[in-house]
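Examining the three-dimensional arrangement
Here is what each chain is made of, one letter per residue.
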Amino acid sequence: MSEIRSYKDLLIWQKGIKIVSLIYQLVKSFPKEELFALTSQLKRASVSIPSNIAEGYGRNTDKSFSHFLNISRGSLFEIETQLLIANDLGFITSQTLYKEILNQIEEESKMINAFSKTLKD
């Protein structure tokens, strides 16, 4: 295992960045009238994941880092809910991409949970 020198070395941060890219790719096909609604909410919530991981890392205390990881997990659930809504409304044109994002969210949630446990131990 390589040494962690920066938040950028954290796999949870890297996966968060991947989720951001996938979300931005997915919402390109959303209706234009959703630009300031679901499209914007999904983008902001996805960006929140790696941003909160980075901010928590920078706080230099396990308690604070754990708090920001919890916020990141909350953003994952927010995105999942918004994706389910978007799918129900027929906004999602690529079921393959949709399913990939849901899988990435599930993996990221498990990774954040495991990482959080190491901070509390």
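Read on for an overview of the structure. Only a predicted model underlies this, so the values are computations on that prediction, with no experimental measurement involved. Every chain is numbered on its own, with residues counted from 1 as its sequence reads. Confidence filtering applies because this is a predicted model: local features only for residues at pLDDT of at least 70, side-chain atom pairs given and counted only at 80 or more, and all residues used for totals across whole chains, interfaces and linings. The side-chain quantities take in all heavy atoms of the structure and omit both hydrogens and water.

**Focus: the side chain of Lys15**
In this structure, Lys15 sits in helix α1 (residues 11-27). Contacts are assigned to residue pairs with any non-hydrogen atoms lying within 4.5 Å of each other. Sequence-distant contacts of Lys15, defined by excluding residues within four places in its chain, comprise Gln104, Glu107, Glu108 and Met111. The secondary structure listing takes helices from DSSP runs of H or I that are at least 4 residues long and strands from runs of E that are at least 2 residues long, numbered from the N terminus.

**A few points about the packing of α1 against helix α4 (residues 95-120)**
Two numbers describe how α1 lies on α4: the axes approach to 10 Å, and their chain directions differ by 160°. Viewed along their axes, α1 and α4 adopt a mutual orientation that is roughly antiparallel. The element α1 and its partner α4 pack so that their crossing is left-handed. Of the residues in α4, those in contact with Leu11, Ile12, Lys15, Gly16, Lys18, Ile19, Leu22, Ile23, Gln25 and Leu26 of α1 are Leu97, Tyr98, Glu100, Ile101, Gln104, Ile105, Glu107, Glu108, Met111, Ile112 and Phe115. In this classification, Asp, Glu, Lys and Arg are treated as charged, Ala, Val, Leu, Ile, Met, Phe, Trp, Tyr, Cys and Pro as nonpolar, and every other residue, Gly included, as polar. Its residues placed into classes, the contact of α1 with α4 shows 13 nonpolar, three polar and five charged. All axes here are fitted lines through C-alpha atoms, helices being fitted over the stretch that makes contact, and every angle between N-to-C directions spans 0 to 180 degrees. Roughly parallel covers angles under 35 degrees, roughly antiparallel covers those over 145, roughly perpendicular covers 65 to 115, and oblique covers all other angles. We call a crossing left-handed when the near helix sits turned anticlockwise from the far one by less than a right angle, and right-handed when that turn is clockwise.

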